[in-house]
Amino acid sequence: MNSTQRSVSGSTQSPRSPSSQPYLSVSVTDPVKLGNGVQAYISYRVITKTNFPEYQGSEKIVIRRYSDFVWLRDRLFEKYKGIFIPPLPEKSAVEKFRFTAEFIEMRRQALDIFVNRIASHSELQQSEDLRTFLQADEETMERLRSQETGIFKKKPSDLMQIFKDVQSKVSDVVLGKEKPVEESNPEYEKLKHYIFELENHLTEAQKHAYRLVKRHRELGQSLSDFGKAVKLLGACEGDALGKAFSELGAKAETLSVKLQKEAHQILMNFEEPMKDYVRAVQSIKATIAERANAFRRQCELAETIKLKEINLDKLMLTRSDRVGEAEIEYKELKAESEEATRTFETIVRLMNEEIVHFQEQKTLDMGIAFHEFAKGQARLANGIADAWRSLLPKLELCSSS
Amino acid sequence: MMGSENNGFEEAHLYASREEMENHVLNDPLNNKSYLSYRSALSSLSETHNPLSPPIVAAPADSDPLLSPPLQYRDLRKPNVPDNSYIEPPSYADVIFSPFDGDSVNDVNGVESPSRSSDSSQSLSRSPSSSSEYIKITVSNPLKEQELSNSIVPGSNTYVTYLITTRTNIPEFGGSEFSVRRRFKDVVTLSDRLAESYRGFFIPPRPDKSIVESQVMQKQEFVEQRRVALEKYLRRLAAHPVIKKGDELKVFLQVQGKLPLSSTTDVASRVLDGAVKLPKQLLGESVVAPDEVVQPAKGGRDLLRLFKELKQSMANDWGGSKPQVVEEDKEFLENKKRIQDLEQKVNNASSQAESLVKAQQDMGETMGELGLAFIKLTKFENEEAIDNSQRVRAADMKGLATAAVKASRFYRELNAQTVKNLDTLHEYLGMMLAVHSAFTDRSSALLTVQTLLSELSSLESRAEKLEAASSKIFGGDRSRIRKIEELKETLRATEDAKNVASREYERIKENNRSELERLDRERHADFLNMLKGFVVSQVGYAEKIANVWTKVVDETSGYAKESS
């Protein structure tokens, strides 16, 4: 599998050289609030720069909203079974935060990463739906968006539930067995177990990362309050000590600002990548569900064919006039079965490649996130040390006076 | 707890290798949620040898395990630290830890409570003349004892005694080291006697009596809190330049057996005594005895005097005529206002300090939890690893987790220091109570003087009237003459009492003044030390935390090229 286009998800992917190398770079920018009241939503500017022949022209700008991205994700999920479709940021459950600057920025960033990951995936980037998404006018997009119904609107976790339900129905009715049909592949079992466990661990870590953001904000706030109180106390004291107090108070307020900044940094560069990781794992779970569906279908058809074969033989023995009909049916089923097998095997093959890439990519993503986080923490701590250290000469002066 | 001493020393060698850290992290009592609130932390953390959460206690222990690791941190420290840093040691990590080394510091420059010894290398501006004097008091070894009474229910009169050990070279004590056993009731007695003897002085407030049931009284935590509070109290008393030379404290610290200070009478017997006196007072003219005049009316047994002074204070507030002596000292009134303002500001700062401590605490906890979550992830990835990228990621995670756990520990240690540092605010709030008491002494002494003056003037006018009346009768009225004589006698006694009361009032005024001076001076020094201690520990720990994260930055620097 060539990996020429598998690069880091970044907001701008500048072309290597204008005409020789094929490039497709997208940026999601410029969030604008539109509409009123309950109907209000955010629209984004999606700018595409490409030299792919299938695209109309080298640059295109369209306006898209969140549900358009959802449409794209659902279409890709349906068409490219076996590939881990890049995850989308969640729909916000809490009305209050839907239009905060922070939320809007986080969503914009996540959407940008989403589209770029698709654009850098060697298979997904060929998608016609992607082309539609990047180029179609708003009306067309709206029409397509409203057509989407049924299963594709569901979240991956819902898919899992459907998969389980269908599983139990099928196993009871068609195969007459109690147990659901599952692959007996120990390596795959191990992978499934790994993915499910991983989600738990990651969710916990992400939760603590989010709390850490809050703690930075809280520490910033309390330092600010403390600084103010100390300044007031200094005003009471007067003379050198009073000055010392007010300088301390001022420093505390400065550090409070630093802490708030760091909180934001942690949110964007550490907590959000962790959330992204969790979403990616959930996307894999959806693919696992698809694979199970495909496997089940393959088994189903295999069983049905067996029954049809037996039936056909019976008919041939009795020289029934229904033989011809049965033969046609049998041929059709055989084709379907082969198709199902192909689908399933493709999924297996793709998944194997995808998982390797996934692990590599995540190591890279996490490495960057850790690096940024550590940088931020070191910068903050050094800032704190410097700020307090600068006070000491003044305090020294106070005691000698 | 979980072998606190042990953990402290094991932690000393943590920083050497990651494996050790992981093991300790996994067994670590970081999951212990029994973290102290600010107020209880104050009472518990100032004493080094107490069995509380290991991460806090480990640092100030006698042989400081954390003094060795800074060696490796020196290399990793930011190269652009200004060279003109005036503090000699290369890193604040060292500066922080040595002064907090247990009790030895307290021997310097008189007694200081541990919170004030934040920078022993600095000479304090106080008591330079008595710098060769020292007195050190330790409270320890609480024991349950039985009261010898004929109580029907056995064991109902148990109480706790504490061993109070004093080491001193002050000659008045006539000894260099001695111990007594005292119970809390004795401390209350001491405190009451001091309040009587040292009117006008800022007497450190004693620990609260606690109205809890006897079961709680004997719980270890309560006893320990009380022990710490008692020690603090006695040390503060011994730091007071006047009280420490007084008899009351000496007797308390030295005399074996039962405390030979008259114990406080309870209200009931006070009222009884007062009731016994009352008929005599109502029937005849009673004058306040000079020795009683030097005590406030309130809390005494002389009910009639109490009524008279109450009447006087009403007259002061609502009466038309101004009393003859009023609080005129402008300087005092200004100071009083200033102190009130100060109290409010200190109170405010104290509660903000409490919030700050809580926020630092929470930061440390969450950082630790994050670290643990990543440790778990590391283990998981390593166990399930199929390809190499997973192992690399696991290693990266471990680096982050280790740093987070270390940083978490530093936050919590910093917090312990912050609590100690900012404890000074809390202490001065306590002092405000003493100031209020001293000002109350003054105003009640003034009231006594005013009352006696009023009485004098009313007695004088009565005497005048009587004399005028009797002079009209030739030869005089024997009974009236007798009355005049009695009245003159009362007048003289009242005059004496007034003089004593006036002297007492002046004395208290002078005490107030000198104490205010002392308060301002000492507060200046103490607050300065507080600020220094606070800043130094903030710097020291920030440096340590920065080093921890810088290490991770270096380890993950390979990824830096990848990001835009």
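Please refer to the structure higher up on the page.
Summarised in this report is the structure supplied together with it. Along every chain, residues carry numbers that run from 1 in the direction the sequence is written. Numbering of ligands from 1 and lettering of chains from A proceed in the order in which they are written. Reporting of local features is limited, given that this is a predicted model, to residues whose pLDDT is at least 70; pairs of side-chain atoms are given and counted only at 80 or more, and all residues count toward the totals for whole chains, interfaces and linings. Side-chain measures here rest on the full set of heavy atoms in the structure, leaving out hydrogens and waters.

This paragraph deals with the overall build of chain B. Helix and strand assignments come from DSSP, with helices taken as H or I runs of at least 4 residues and strands as E runs of at least 2, each series counted from the N terminus. Secondary structure summary: chain B contains 17 helices and three strands in total. Relative accessibility under 20% of the residue-type maximum defines a buried residue, over 50% an exposed one, and the middle range a partly exposed one, all with a 1.4 Å probe and only protein chains included. For chain B, buried positions account for 51% of its 564 residues. Whether two residues are in contact is decided by their heavy atoms, any of which lying within 4.5 Å being enough. When contacts within chain B are restricted to residue pairs at least 6 apart in sequence, long-range pairs at least 24 apart make up 75% of them. Accessible area of chain B: about 26,800 Å², with a carbon and sulfur share of 53%. Each accessible area is a Shrake-Rupley estimate made with a 1.4 Å probe; only the visible protein chains count as cover when residues are assessed.

The next subject is the overall build of chain A. Helix and strand counts for chain A come out as nine helices and three strands. Going from N to C terminus, chain A has its helices and strands arranged as β-β-β-α-α-α-α-α-α-α-α-α. Each of the 401 residues in chain A was classed as buried or not, and the buried ones make up 51%. Across chain A, the fraction of contacts at a sequence separation of at least 24, relative to all contacts at a separation of at least 6, is 72%.

Moving on, we get to the environment of Gly242 of chain A. Residues and elements named next belong to chain A. Its place among the elements puts Gly242 in helix H7 (residues 239-317). The exposure class assigned to Gly242 is buried, which follows from its relative accessible area of 5%. In this structure, the C-alpha to C-alpha distance between Gly242 and Cys398, residues 156 residues apart in sequence, is 9.7 Å. The residues touching Gly242, leaving out its near neighbours within four places in the chain, are Gly234 and Glu237.

All right, on to the packing of aromatic side chains then. Stacked, tilted and edge-to-face are the three classes applied to pairs of Phe, Tyr and Trp rings, where Trp contributes its six-membered ring and a pair requires centres within 6.5 Å; stacked means planes under 30 degrees apart, edge-to-face means over 60, and tilted covers the rest. All chains considered together, the criterion is met by 22 aromatic pairs over all chains. Taken together, the ring pairs connect Phe270, Phe370 and Phe373 of chain A together with Phe374 and Trp549 of chain B into an aromatic cluster. Of note, Arg226 of chain B hangs over the ring of Phe184 of chain B, and the distance from its end group to the ring centre comes to 3.6 Å. Whether a charge lies above a ring is judged from NZ of Lys or CZ of Arg, which has to be within 6 Å of the ring centre and within 35 degrees of the ring normal. Seen from the ring of Phe332 of chain B, Arg442 of chain B lies directly overhead, with NZ or CZ sitting 3.4 Å from the centre.

With that out of the way, let us pick up helix H6 (residues 186-237) of chain A. Expected span of a helix: the number of residues minus one, times 1.5 Å. When the terminal C-alpha atoms of H6 of chain A are compared, their 75 Å separation across 52 residues agrees well with the 76 Å that a helix rising 1.5 Å per residue should span. The N-cap of H6 of chain A, judged by a side-chain oxygen 3.1 Å from the amide nitrogen of Glu187 of chain A a few residues on, is Asn185 of chain A. Whenever two N or O atoms come within 3.5 Å, that pair is a polar contact, provided that in protein one can donate a hydrogen and the other can accept it, and provided that, for residues adjacent in sequence, both atoms are side-chain atoms.

This next bit is on the interface of chain B and chain A. Contacts between the two partners involve 68 residues from chain B and, on the opposite side, 66 residues from chain A. Here chain B and chain A share an interface that buries about 6,200 Å² over both sides, 74% of which is from carbon and sulfur atoms. Definition used for salt bridges: Asp or Glu carboxyl oxygen within 4 Å of a side-chain nitrogen of Lys or Arg. For the pair chain B and chain A, the number of links is six salt bridges. For Glu369 of chain B, the salt bridge is made with Arg211 of chain A, and the minimal N-O distance between the two is 3.6 Å. Linking chain B to chain A there are 13 residue pairs in polar contact (both at pLDDT 80 or more). If you list the elements that add at least two residues to the side of chain B that touches chain A, you get helix H14 (330-384), helix H15 (388-472), helix H16 (478-555) and helix H17 (557-560) of chain B. Note on residue classes: Ala, Val, Leu, Ile, Met, Phe, Trp, Tyr, Cys and Pro are nonpolar, Asp, Glu, Lys and Arg are charged, and everything else, Gly too, is polar. Classifying every residue of the side of chain B that touches chain A gives 39 nonpolar, 14 polar and 15 charged. By buried area we mean how much accessible surface two parts lose on assembly, using a 1.4 Å probe and totalling the loss over both.

Residue and element names in this part refer to chain A. Strand order in this open sheet of three strands is E1-E2-E3, and the pairing throughout is antiparallel. Every other strand in the sheet has two partners, leaving strand E1 (24-34) and strand E3 (59-65) as the edge strands with one partner each. On average, each strand axis in the sheet is inclined to that of its neighbour by 20°, with strand direction left out of account. At least two DSSP bridges between two strands are required for those strands to pair. With nine bridges connecting them, E1 and strand E2 (residues 41-50) associate as antiparallel partners. Looking at the pairing, Ser27 lines up with Ile47 of E2. A fitted line through C-alpha atoms serves as each axis, taken over the contacting stretch for helices, and the angle formed by two N-to-C directions is quoted from 0 to 180°. Running over the sheet, helix H2 (residues 101-120) touches E1 and E2 and is turned about 155° from E1. Packed on one face of the sheet, helix H3 (residues 128-135) meets E1, E2 and E3 and runs near 90° to E3.

Grouping buried Ala, Val, Leu, Ile, Met, Phe, Trp, Tyr and Cys residues that are joined through side-chain atoms within 4.5 Å yields what is termed a nonpolar core. Core analysis: the biggest nonpolar cluster contains 118 residues, and Phe270 and Trp388 of chain A together with Phe374 and Trp549 of chain B have the highest contact counts within it. Looking at this core, the elements that each hand over two or more residues are H6, H7, helix H8 (323-389) and helix H9 (392-400) of chain A together with H14, H15 and H16 of chain B. The element contributing the most residues to this core is H7 of chain A, with 22 residues. When sequence neighbours within four positions are dropped, the list of residues in contact with Trp388 of chain A reads Leu223, Leu248, Lys251, Ala252 and Leu255 of chain A together with Phe534, Val535, Gln538 and Val539 of chain B.

Phi is positive for Asp30 of chain A, which is not a glycine, with a value near 60°. Mapping Asp30 of chain A onto the fold places it in strand E1. The partly exposed category is assigned to Asp30 of chain A, whose relative accessible area is 38%. Here Asn141 of chain B, not a glycine, exhibits a phi torsion of approximately 55°, which is positive.

Before going further, it helps to examine the environment of Gln220 of chain B. Residue and element names in this part refer to chain B. Examined against the element boundaries, Gln220 turns out to sit in helix H9 (residues 220-239). A residue is classified by how much of its surface remains accessible, and Gln220, at 61% relative accessible area, is exposed. Separated by 177 residues in the primary sequence, Gln220 and Met397 have C-alpha atoms spaced 42 Å apart.

The full count for this structure, using the stated rule, is 64 salt bridges over all chains. Its salt-bridge partner being Glu372 of chain A, residue Lys375 of chain A comes within 3.6 Å of it at the nearest N-O pair. Note that Lys375 of chain A and Glu372 of chain A are positioned in helix H8 at a spacing of three residues, about one turn of the helix. Given a relative accessible area of 24%, Glu372 of chain A falls into the partly exposed group. A salt bridge links Lys509 of chain B to Glu506 of chain B; the nearest nitrogen and oxygen atoms lie 3.7 Å apart. Note that Lys509 of chain B and Glu506 of chain B are positioned in helix H16 at a spacing of three residues, about one turn of the helix. The class of Glu506 of chain B is partly exposed, set by a relative accessible area of 43%.

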